[in-house]
Amino acid sequence: MRRPVAIVTALVLFGEAVGIVLINAVLATVAENQNMSLAGLDPDAMSAGTWVMGGVSGLLLVLCGLIALLAGARDRAPGRFERVALIGCAVVHGVLGAVTVGLVGWSAFAFMMLVLALLVLTLLAYGPETPAEDGVSDGAGPVAARTGVSAGPAAGPRPTVP
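Owing to the predicted nature of the structure, the values given are computational and were not obtained by experimental measurement.

A. Structural view of the confidence of the model for the protein. Residue-level pLDDT values for the protein average 83, and 79% of them are 70 or greater. When mean pLDDT is taken per element in the protein, helix α4 (residues 106–125) scores highest with 93 and helix α5 (residues 143–147) scores lowest with 52.

B. Molecular detail of the side chain of E16. Topologically, E16 is positioned in helix α1 (residues 2–34). This buried residue, E16, is left without a salt bridge; R83 holds the nearest opposite charge, at 19 Å. Beyond its immediate stretch of four places on either side in the chain, E16 contacts L61, H93, F111, M112 and V115.

C. α1, seen in detail. Spanning 33 residues, α1 covers 47 Å between terminal C-alpha atoms, matching the ideal 48 Å at 1.5 Å per step. All of the buried residues along α1 are V5, A6, T9, A10, L13, E16, A17, N24, A25, A28 and A31. Looking at the packing, one finds that the buried side of α1 touches α2 (43–74), α3 (80–103) and α4. N35 sits one or two positions beyond α1 and adopts a positive phi of about 55°.

D. A look at the environment of A25. For A25, the location among the structural elements is in helix α1. A relative accessible area of 15% places A25 in the buried class. Along the primary structure A25 and M53 are separated by 28 residues, whereas in three dimensions their C-alpha atoms are 9.7 Å apart.

E. Region of the structure containing α4. With 20 residues, α4 extends 28 Å between its outermost C-alpha atoms, agreeing within 8% with the 28 Å of an ideal straight helix rising 1.5 Å per residue. Taken as a whole, α4 has its buried residues at A108, M112, V115, L116, L118, L119, T122 and L123. Angular distribution of buried residues about the axis of α4 spans 155°; they occupy a single face of the element. For α4, the exposed residues set more than 90 degrees away from the buried face come down to W106, S107 and L124. Looking at the packing, one finds that the buried side of α4 touches α1 and α3.

The rules behind these values
- Residues numbered from 1 in each chain as written.
- Predicted model: local features only at pLDDT ≥ 70, side-chain atom pairs only at ≥ 80, totals over all residues.
- Heavy atoms only, no water.
- pLDDT = per-residue confidence, 0-100.
- Helix = DSSP H or I, 4+ residues; strand = E, 2+ residues; numbered from the N terminus.
- Buried < 20%, exposed > 50% of the residue type's maximum accessible area, 1.4 Å probe, protein only.
- Lys, Arg positive; Asp, Glu negative; His and termini not counted.
- Salt bridge = Lys/Arg side-chain N within 4 Å of Asp/Glu carboxyl O.
- Contact = heavy atoms within 4.5 Å.
- Expected span 1.5 Å × (residues − 1).
- Arc of directions from axis to C-beta.

Dropping the structure here:
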């Protein structure tokens, strides 16, 4: 179940990256064509900033999509940096979802929460795995089972003193 979730998450993030770049392209074009200043800012600087914001946001969404796609294709948990990137992406989607309710509407909020749910589900599906390949867990069992060396009778449980 975790492979399809990761692949769907990646596809949704790729689609969102395209949408963000297109929205910022429209906003940059409008800001350039209006030739108006906002609080004394240069209209060209506003247009350039909008292009940069769209490009950077698109690249970050593509990066997170690639991380999810590789996790799904390999069926392996992402590394530390990759998990931090996916967690950051999830946090941004949560915050933007809260903002979009008032600015855009409930449909945009629902989409942002869908992406947030996919990211969280991907992170939980590829959670930290326990290395139990040899049948021995990290903290459980006697010392002899963990180290392979018998510690003698002193390693057993100590009697309780009343």
